[in-house]
Amino acid sequence: SLRYRISQINHKARRRQAEREGSVTPEQWEARLEEFGHQCAYCPSVGPLTMDHVIALSRGGKHEIGNIVPACQPCNSTKNNETWVPRCP
């Protein structure tokens, strides 16, 4: 639908803008993975991990290492743009 397509375009634009304003180096990401023991911040999964913004970009979160935790795909997808509290590393 047109409404869905516009939503997707806006989402991609917000992500690009956030990535221009902040940055996460591969070294920072690897250190963050180490902090969490290469596990999802929300469940004990060790499957493929993605960068999750604790405060979603759509809610004003920044693309910086302090707002990023590792998350498995199921948790990241379920979380959507909600704010979940990650476990302590």
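About the thresholds
Residues numbered from 1 in each chain as written. Predicted model: local features only at pLDDT ≥ 70, side-chain atom pairs only at ≥ 80, totals over all residues. Heavy atoms only, no water. Buried < 20%, exposed > 50% of the residue type's maximum accessible area, 1.4 Å probe, protein only. Helix = DSSP H or I, 4+ residues; strand = E, 2+ residues; numbered from the N terminus. Pairing = 2+ DSSP bridges. Salt bridge = Lys/Arg side-chain N within 4 Å of Asp/Glu carboxyl O.

Visitor: Mind showing me how you'd approach the pairing of strand 2 (residues 68–72) here?
Guide: Residues in a regular strand project their side chains so that they alternate between the two faces of the sheet. Along strand 2, five of the five residues are buried, which leaves the element largely enclosed by surrounding structure. Both faces of strand 2 are covered, namely the face carrying Ile 68, Pro 70 and Cys 72 and the face carrying Val 69 and Ala 71. In this sheet, strand 2 lies alongside strand 1 (residues 49–53) in antiparallel orientation, the contact comprising five bridges. Of the residues in strand 2, the one forming a bridge with His 53 is Ile 68.

Visitor: Is there a simple way to think about the pattern of salt bridges in this case?
Guide: Pairing is possible between side chains that carry opposite charge, provided their charged atoms lie close to one another. Tallying each qualifying case throughout the model produces two salt bridges. Put simply, Arg 32 and Glu 35 hold a salt bridge, and the shortest N to O gap is 3.0 Å. Note that Arg 32 and Glu 35 are positioned in helix 2 (residues 26–35) at a spacing of three residues, about one turn of the helix. Residue classification places Glu 35 among the partly exposed positions, given a relative accessible area of 41%. When the shortest N-O distance is used, the salt bridge between Lys 79 and Asp 52 registers 3.4 Å. Within this pair, whereas Lys 79 is found in helix 3 (residues 73–79), its partner Asp 52 is found in strand 1, the two being separated by 27 residues in sequence. On the basis of relative accessibility, which here comes to 0%, the residue Lys 79 falls in the buried class. Judged by its relative accessible area of 3%, Asp 52 falls in the buried class.

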